[in-house]
Amino acid sequence: MPLLTHLNFSYNELASAFPEFITDCRNLTHLDLSQNHLTGPVPELVFRNLGKLKFLILAVNLFGGDISSSIGQLRNLHKLNLSANGFNSYIPGELGLCSNLTFLALAGNLLVGSLPLSLANRHKIEELGLSNNLLSSQISPHFFTNWTELVSLQLQNNQFFGKIPSEISLLKKLNILFLYHNKLNGSIPSEIGNLGELTSLDLSENQLSGPIPPTMGKLTKLTLLHFFYNNLSGTIPPEIGNMSSLVILDLNTNNLEGELPETMSLLNNLEILSLFTNNFSGMIPRDLGKNNLNLKNVSFSNNSFSGQLPLGLCNSFTLELLTIDNNNFTGPLPDCLRNCSNLVRIRLEGNHFSGDISKAFGVHPNLNFISLSDNQFSGELSAQWGECQSHTKLQIDGNKISGKIPLEIGRLSQLRVRSLDSNQLTGEIPIELMKLSLLFSLSLSKNSFTGEIPQSIGTLTDLRYLNLEGNKFSGSIPKALANCENMNNLDLSHNSLSGEIRWELGNMVNLRYLLDLSSNLLSGTIPSNLGKLAVLESLNLSQNNLTGKIPASFSSMVKGLNPCSSTSSTSSNKSSKNKKFTFAQILKATEDFNEKGSLGKVLYGEEGERELGWAARIKIVQGLAHALAYLQHDCSPPIVQRDVTLNNILLDPDFEPRLSDFGTARLLYPSSSNWTTTAGSYG
């Protein structure tokens, strides 16, 4: 095809090496092989034979290897696009010989090294895209001296380091400047404010420090400003209010401080305002939202803001995301929030909001996540919550909510997490709640719920976490609870549950973190079937009316644990010297022990005063100290008994103490947190 000038095979499923016949098409000016599955290197003959090429587009293929230095022979080339391939060489300096280049795209490869200074001579270049490579060097100011026609500069997702040269201000025609996700440091040059045509500026995810230059206010055409994930400090300059075209302002995760400027309310086109994880304080500008009629996303989380939210924050009813958690906000929520039907996500936890929760929210059909935890909301839950059909997570714990759970909550078919802990809720658990088949976590602890736990709770087969602790539930433990085979955390403690412990609970073999039935009215013996809970970390059956022995099957719950060995100087007890014991053996050693009974019985019994002289008391104290030292220093992993009381210290005929009742004991692994939940006896 000697007369062929244009050849386009783009957007196909071609899979082969570079087609050899193309290298003989010496009159080609346009070659486009993009969006295929072509592989291998680009032949040298492409650069030597096709000297008339003006457009060479090989993007989105599987080409690899070096970019040949022969590419400098394509002196007529205007557009070169090799992006999204697997080229893994340096950028050849000979590329600077392509004197007519206006468009250069090498993004999405594995290119290494620095930018060749020869590119600085390409004064016709308009668009330069080198993002998503492994390039690492300083950005030389010489590039900006000649690139006066540059409209788009995209160097993001590389490893460029050093400062941003102030000469960047010479790029008067620049619309897009993306330098994000590099290793740039130093301050943001104030000269960037001279780039009057700039529409998108992203310097995020670097190591930039210092203040935001007030000259940024001169960028009146800027629509996107990303400075997040840096080390910027100081306040937001009031000149930011002059950036009238701004749509997205994201300054999250810096060290910015002080109050927000009132001029922020003048950004009429603002849709996204993200300031989370800084050191801001004071009140939000009172007119924010009043003029920002397109505001969709607002995030002030993890700061020290205070006072009430602006009354007109959501005046336009366009708000979709509001995350302002972990601040010091007070007072009621703005009335306009009730009418924001487009809300998708709300996080208000960790503030001091108050007011009637039933009046704060309306019907939000798209709302899938809401967290109001740890505030001072009062009132009752509205039946309208049942119309928020998209809910997946509903957290309202740590407030002053009263009344009953509305039956309409059972309509939230997508709900995965529901937390109403630490409120003032009453009544029974509505049967309708058991229709939430996708429920993953249900936490109703520390309320005043009454009645029995519904047998139908067994239908929640996806349930992993159930916490009903600290209520007034009565009746027996539901047999059907064992149907929740995926449960790994179950807390029914501090209620008035009676009857025997269901042996079926032993079939919940995925219980891993907690089984707490303490402080109830349970009676009978401990089911041996509980020994099947081989991965359980914490078991608490204390403060009940249980009788009989601790089942020998419990030894299987600690199968595979490393034995405890006596090695340190703290263990001087002759009975343990140079011996090893498993946790199961320690448990068994105390289960049948019944000589003089407990220390409490001996100390406060009828014969206590006569029998327990000072010599015996010192002997008991020393023995107990040895026991605790042995568990915590000589065992691997260490054991924390967590319930050392007079009734759990047993005595032999010679007043040698034995520490017993390891039902709440905890193994402390070095690779995990050593925090444990509250356990043991009161007093």
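What counts, and where the lines are drawn
Residues numbered from 1 in each chain as written. Predicted model: local features only at pLDDT ≥ 70, side-chain atom pairs only at ≥ 80, totals over all residues. Heavy atoms only, no water. Helix = DSSP H or I, 4+ residues; strand = E, 2+ residues; numbered from the N terminus. Buried < 20%, exposed > 50% of the residue type's maximum accessible area, 1.4 Å probe, protein only. Contact = heavy atoms within 4.5 Å. Pairing = 2+ DSSP bridges. Phe/Tyr/Trp six-rings, centres within 6.5 Å; stacked < 30°, edge-to-face > 60°. Disulfide = S-S within 2.5 Å. pLDDT = per-residue confidence, 0-100. Salt bridge = Lys/Arg side-chain N within 4 Å of Asp/Glu carboxyl O.

**Remarks on the overall build of the protein**
Consideration 1: Scanning the protein for helices and strands turns up 7 helices and 50 strands.
Consideration 2: Going through the 683 residues of the protein one by one, you find that 51% of them count as buried.
Consideration 3: Sequence separation of at least 24 residues holds for 53% of the intrachain contacts in the protein that already meet a minimum separation of 6.

**Thoughts on the sheet that holds strand 25 (residues 304-307)**
Consideration 1: Spatial ordering of the open sheet is given by 13-15-17-19-21-23-25-27-29-31, a layout of 10 strands whose pairing is parallel. Looking at the sheet topology across the chains shown, the edges are occupied by strand 13 (161-162) and strand 31 (376-378).
Consideration 2: Bridge analysis of strand 17 (residues 207-210) against strand 19 (residues 231-234) gives 2 bridges, and the strand direction is parallel. Note that in strand 19 the partner of Gly-210 across the bridge is Leu-232.

**Overview of the sheet that holds strand 37 (residues 448-449)**
Consideration 1: Reading across from one edge, 33-35-37 is the order of the 3 strands in this open sheet, with parallel pairing throughout. If you trace the sheet from one side to the other, it starts and ends with strand 33 (402-403) and strand 37, each paired once.

**Some thoughts on the packing of aromatic side chains**
Consideration 1: Going through the model one piece at a time under the given rule, you end up with 12 aromatic pairs.
Consideration 2: Ring geometry for Phe-305 against Phe-329: centres 6.0 Å apart, planes inclined by 15°, an arrangement best described as stacked. Within this pair, whereas Phe-305 is found in strand 25, its partner Phe-329 is found in strand 27 (residues 328-331), the two being separated by 24 residues in sequence.
Consideration 3: Classification of Phe-329 as buried rests on a relative accessible area of 0%.
Consideration 4: Three or more aromatic residues joined by ring pairs form one cluster here, namely Phe-280, Phe-300, Phe-305, Phe-329, Phe-353 and Phe-377.

**Comments concerning the side chain of Asn-489**
Consideration 1: Of note, Asn-489 is situated in strand 39 (residues 489-491).
Consideration 2: A relative accessible area of 11% places Asn-489 in the buried class.
Consideration 3: Once you skip the residues sitting within four places of it in the chain, Asn-489 turns out to touch Arg-464, Tyr-465, Leu-466, Leu-511, Tyr-513 and Leu-514.

**Structural notes on the state of the cysteines**
Consideration 1: Evaluated as defined, the whole model comprises 1 disulfide.
Consideration 2: Cys-314 provides the cysteine sulfur closest to Cys-340, a residue in no disulfide bond, and the two sulfurs are 3.9 Å apart.

**Regarding the confidence of the model for the protein**
Consideration 1: When the pLDDT values of the protein are averaged, the result is 88; 88% of them are 70 or greater.
Consideration 2: For residues 559-582, every residue scores under 50 in pLDDT, and the model assigns this stretch 46 contacts once sequence neighbours within four places are set aside.
Consideration 3: Throughout residues 671-683 the model reports pLDDT below 50, and contacts reaching past four residues in sequence, or to other chains, amount to 19 contacts.

**Considerations on the environment of Asp-374**
Consideration 1: Tracing the sequence through the fold places Asp-374 in the loop between strand 30 (369-371) and strand 31.
Consideration 2: When the C-alpha atoms of Asp-374 and Asn-326 are compared, they prove to be 9.5 Å apart, with 48 residues separating the residues in sequence.
Consideration 3: Setting aside residues no more than four positions away along its own chain, Asp-374 makes contact with Gly-350, Asn-351, Asp-397, Gly-398 and Asn-399.

**A short note on the environment of Tyr-513**
Consideration 1: Within the element layout of this structure, Tyr-513 appears in the loop between strand 40 (498-500) and strand 41 (514-516).
Consideration 2: For Tyr-513 and Leu-490, which are 23 residues apart along the polypeptide, the C-alpha to C-alpha distance reads 8.3 Å.
Consideration 3: Contacts of Tyr-513, omitting those with residues within four sequence positions, involve Asn-488, Asn-489, Leu-536, Glu-537 and Ser-538.

**Let's talk about the side chain of Ser-542**
Consideration 1: As for its position among the elements, Ser-542 is in the loop between strand 43 (539-540) and strand 44 (545-547).
Consideration 2: Aside from chain neighbours lying at most four places away, what touches Ser-542 is Ser-518 and Ser-519.

**What about the pairing of strand 27?**
Consideration 1: Where strand 25 lies against strand 27, 2 bridges are found, and the strand directions are parallel. Paired with Gly-307 across the two strands is Phe-329, which belongs to strand 27.
Consideration 2: In the sheet, strand 27 pairs with strand 29 (residues 352-356) via 2 bridges, with the strands oriented parallel. Paired with Thr-330 across the two strands is His-352, which belongs to strand 29.

**Things to note about unusual backbone geometry**
Consideration 1: The phi torsion at Asn-326 lies on the positive side, around 60°, for a residue other than glycine.
Consideration 2: Of note, Asn-326 is situated in the loop between strand 26 (321-323) and strand 27.
Consideration 3: Looking at Asn-326, the relative accessible area reads 38%, which means it is partly exposed.
Consideration 4: Here the phi dihedral of His-494 falls at roughly 55°; this positive angle occurs in a residue that is not glycine.
Consideration 5: Within the fold, His-494 resides in the loop between strand 39 and strand 40.

**Here's the deal with the pattern of salt bridges**
Consideration 1: Scanning the model with the defined rule gives 7 salt bridges in all.
Consideration 2: With a closest N to O distance of 2.9 Å, Lys-221 and Glu-197 form a salt bridge. Note that Lys-221 is positioned in the loop between strand 17 and strand 18 (224-226) and Glu-197 in the loop between strand 15 (183-187) and strand 16 (200-202), a separation of 24 residues in sequence.
Consideration 3: The exposure class of Lys-221 is partly exposed, given its relative accessible area of 39%.
Consideration 4: By relative accessible area, which is 34% here, Glu-197 ends up partly exposed.
Consideration 5: In this structure, Asp-325 engages Arg-347 in a salt bridge whose closest nitrogen and oxygen atoms are separated by 3.8 Å. With Asp-325 in the loop between strand 26 and strand 27 and Arg-347 in strand 28 (residues 345-347), the pair connects residues that are 22 residues apart, well separated along the chain.
Consideration 6: Given the relative accessible area of 4%, Asp-325 is considered buried.
Consideration 7: With a relative accessible area of 27%, Arg-347 lands in the partly exposed category.
Consideration 8: In the salt-bridge network here, residues are joined through shared partners; they are Asp-325, Arg-347 and Glu-349.

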